Amino acid sequence: MKVVFAGTPDTALPSLRALIASRHEIVAVVTRPDARVGRGRRAEPSAVAVAAEEAGLTVLKPSSTTDPQFLDALRALKPDCGAIVAYGALLRRELLDLPVFGWVNLHFSVLPAWRGAAPVQRSIMAGDEVTGATVFSLVEELDAGPVLGTLTERIRPDDTAGTLLQRLAVAGAGLLVDALDHIEDGDIGAIEQPEDGISYAAKLTTDDARVDWTRPAFAIDRQIRGCTPAPGAWTMHEDKRLKLGPVEVLEESTLEPGEVAIGKREVRVGTGTTDVRLGEVQPHGRKAMPAADWGRGLGGAMSAVLR
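Here the structure is a predicted model, which means the values were calculated and not measured.

Q: Sorry, what's going on with the environment of Glu153 here?
A: Positionally, Glu153 belongs in strand E10 (residues 147-154). With 98 residues separating them along the chain, Glu153 and Glu251 place their C-alpha atoms 28 Å apart. Apart from residues lying up to four places away in sequence, Glu153 is in contact with Val130, Thr131, Gly132, Leu164, Arg167 and Leu168. Polar side-chain contacts of Glu153 include one of 2.7 Å to the side chain of Arg167.

Written out as structure tokens, the structure is:
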């Protein structure tokens, strides 16, 4: 089939590469416009744009998916199907109807659970034991289209959003290509999503990532892992923001919530239940470092308070 692929971040790269290696022809790659990043606010292309251009593919970067010139360009390509992975913008009816077989979307949850922007992060933060990926036919309602295929993945105790998303991105790429194969062969049927079990995964905000040390240790552990690598869990030490990597939940409860005990080889913090041992920390304006190094840098203080 002639396929249009839409995606933007690193998460979409395994699917793009799997499609390049498949029996299908990628007639164009759609991605978000170059974004301004860094202190110099230099415009940089998306990860998908870079990979697609290296592969010699046609790259389209519409500022809006309703732009008439963009729609005309896609019509001229006469795609059979569209495939979308973490594109970052909604597709309206005119674009949805453009390919012969419509669009299929790879979403990183087992729908109808965790529809929305941050399914992996919210799944970890909620304490789910299993998540997965779903390929479904795209409709205008958010992540509500009929399902073409699913896979499941166990959430490991030390998974961050980054590690889990990477596994799902790789496994999901195969699921996406398999769905396209069966669409072309005409031997696949879509199943409507059930009405029960629907949940939503809103995009994480900076406030979502701030640690409340009065919460139980297990909830703080899930929150930090769900916010790693982005937006990054954080707390305040004195008047400075301290970014936190994953912690280790301990069995002892020796400290008050937010109270810090600095040892030679570890830094502990009290929670609403048991203590946690800090892993990597990143003080404001500095590079990430082991928590013990940060503790030694506090001038010999044996305790501190996080809030």
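Q: Is there a simple way to think about the pattern of salt bridges in this case?
A: Side chains carrying opposite charge are able to pair once their charged atoms draw close together. All chains considered together, the criterion is met by 19 salt bridges. The salt bridge partner of Arg167 is Asp159, with a shortest N-O separation of 2.8 Å. Each member of the pair, Arg167 as well as Asp159, is classed as buried. When salt bridges that share partners are traced, they join Glu248, Glu252, Glu266, Arg268 and Arg277 into one network.

Q: I'm lost on the sheet that holds E10 in this one. Help?
A: Taken together, the 7 strands give an open sheet; going across it, the order is E5-E2-E1-E6-E7-E9-E10, and neighbouring strands pair in mixed fashion. For this open sheet the edge positions go to strand E5 (59-60) and E10, each flanked by a neighbour on one side alone. Where strand E6 (residues 81-85) lies against strand E7 (residues 103-107), 3 bridges are found, and the strand directions are parallel. If you follow Ile84 over to E7, its bridge partner there is Asn105.

Q: Looking at this structure, I do not really get the sheet that holds strand E18 (residues 280-283). What am I missing?
A: Strand pairing in a sheet relies on backbone hydrogen bonds, with the paired strands running either antiparallel or parallel. Read from one edge to the other, the open sheet built from 4 strands follows the order E12-E13-E18-E19, with strand pairing classed as antiparallel. Both edges of this open sheet fall to strand E12 (233-237) and strand E19 (289-290), since each of them pairs with a single strand only. Note that E18 and E19 share 2 bridges and pair antiparallel. Each bridged residue has a counterpart across the sheet, and for Glu280 the counterpart in E19 is Pro290.

About the thresholds
- Residues numbered from 1 in each chain as written.
- Predicted model: local features only at pLDDT ≥ 70, side-chain atom pairs only at ≥ 80, totals over all residues.
- Heavy atoms only, no water.
- Helix = DSSP H or I, 4+ residues; strand = E, 2+ residues; numbered from the N terminus.
- Contact = heavy atoms within 4.5 Å.
- Polar contact = N/O pair within 3.5 Å; in protein donor to acceptor, adjacent residues only side chain to side chain.
- Salt bridge = Lys/Arg side-chain N within 4 Å of Asp/Glu carboxyl O.
- Buried < 20%, exposed > 50% of the residue type's maximum accessible area, 1.4 Å probe, protein only.
- Pairing = 2+ DSSP bridges.

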